[in-house]
Amino acid sequence: MDVDVDAGRAVRGRPRSEAVERAIVEGVLKLIEDGVPLTELSIERIARTAGVGKATIYRRWSGKEELFVEVLRIMEEPEPALPGISMRDDLISLLEHLRRRGVSLRSSALLHNVFAQMKSLPKLWDAYHATVIEPRRRVMFDVLRRGVENGELRADVDIELANDFIVGPMLLRTMIRPDAPLADDLSERIVDCALAGLRPPD
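All values reported here derive from a predicted model rather than from experimental measurement. (Residues numbered from 1 in each chain as written. Predicted model: local features only at pLDDT ≥ 70, side-chain atom pairs only at ≥ 80, totals over all residues. Heavy atoms only, no water.)

*Asks:* I would appreciate a short explanation of the overall build of the chain in the present structure.
*Replies:* Looking only at helices and strands, the chain has nine helices and zero strands in total. For the chain, with 202 residues in total, the buried portion stands at 43%. For the chain, the share of sequence-separated contacts (at least 6 apart) that also reach a separation of at least 24 residues comes to 67%. By element, 54% of the accessible surface of the chain is carried by carbon and sulfur atoms, the whole surface being about 10800 Å². (Helix = DSSP H or I, 4+ residues; strand = E, 2+ residues; numbered from the N terminus. Buried < 20%, exposed > 50% of the residue type's maximum accessible area, 1.4 Å probe, protein only. Contact = heavy atoms within 4.5 Å. Areas by Shrake-Rupley, 256 points an atom, 1.4 Å probe, with all protein chains shown as cover.)

*Asks:* Explain the environment of Leu-91 to me, please; I cannot follow it from the model alone.
*Replies:* You can see Leu-91 is positioned in helix H5 (residues 87–103). Each C-alpha atom, one on Leu-91 and one on Val-139, is 9.8 Å from the other, the two residues being 48 residues apart in sequence. For Leu-91, the residues in contact, after removing those within four places along its chain, are Met-140, Val-143, Leu-144, Ile-166, Val-191 and Leu-195.

*Asks:* Looking at this structure, how should I read the layout of surface pockets?
*Replies:* Regions of empty space are outlined by a rolling probe, equal in size to a water molecule, passed over the atoms. Taken as a whole, the largest pocket spans an internal volume of roughly 350 Å³. The wall of the largest pocket is formed by 17 residues, among which Leu-98, Ile-133, Arg-136, Val-167 and Leu-171 lie closest to the centre. Counting only elements with at least two residues in the lining of the largest pocket, the list comes to H5, helix H7 (122–149) and helix H8 (159–176). In terms of residue count, H7 provides more of the lining of the largest pocket than any other element does, six residues in total. (1 Å grid on protein atoms, 1.4 Å probe; cavity = no way out; pocket = protein on both sides within 12 Å on 5 of 7 lines; lining within 4 Å. Points joined across faces, edges and corners; volume = space filled by probe spheres on them.)

*Asks:* I'm lost on the side chain of His-97 in this one. Help?
*Replies:* Take His-97: it is sitting in helix H5. When residues no more than four places from it in sequence are discounted, the contact partners of His-97 are Glu-76, Glu-77, Pro-78, Glu-79, Pro-80 and Arg-136.

*Asks:* Please explain helix H1 (residues 18–33) as it appears in this structure.
*Replies:* Residue pairs three or four apart in sequence face the same way in an α-helix, which turns once every 3.6 residues. Over its 16 residues, H1 extends 22 Å from the first C-alpha to the last, a length consistent with the 22 Å expected when each residue adds 1.5 Å. Of all the positions in H1, only Glu-21, Ile-24, Val-25, Gly-27, Val-28, Leu-29, Leu-31 and Ile-32 are classed as buried. Just past H1, the residue Gly-35 takes up positive phi, approximately 95 degrees. (Expected span 1.5 Å × (residues − 1).)

*Asks:* What is the right way to read the pattern of salt bridges from this model?
*Replies:* Oppositely charged side chains can pair when the atoms bearing their charge come close. Inspection of the entire model under this criterion finds 14 salt bridges. A salt bridge links Glu-96 to Arg-99; the shortest N-O distance between them is 2.6 Å. Residue Glu-96 and its partner Arg-99 are located together in helix H5, separated by three residues, close to a single helical turn. This pair shows no difference in class: Glu-96 is buried, exactly as Arg-99 is. (Salt bridge = Lys/Arg side-chain N within 4 Å of Asp/Glu carboxyl O.)

Shown next, in the form of structure tokens:
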């Protein structure tokens, strides 16, 4: 069954309860944190952990993939308000958002589990990409384009490659190397290191 990331879920039966939905989401998170692979998370197991019936889950989500997308949405904090003072400040703000997510043990555990298994659940990966990754990339691209327009970046900079230069080190630290330090000044150091090679010559 395809995951429709944009369509609202129809409400059937009894009125929806935020407490019940939260219990279901917490049930998914607990199982993931306990090391249960996503592929082994059945609706029945989730319902048992959350203390609800399977029908309660199906009244809210069409299946486990749609439920997983909801969990991922909840785990993602809203994008930060950008300072708008300079391209550098905006880039640091965006990277700091990723760093803080990596510092969060619960978020880190979830994302490591999800990304390790995402290829076996392509519909979930597509939904995550559409709802989280792509909007974040668009924001970063807009910041970099403004940097080109106002002279903070060279006019010939490849925006997509510049994005990878800046975001890549933080993703490496938060996703691939959970043992790597996430120092408070890491975002600033990454941005300054990348911009040293991307700024126009004096």
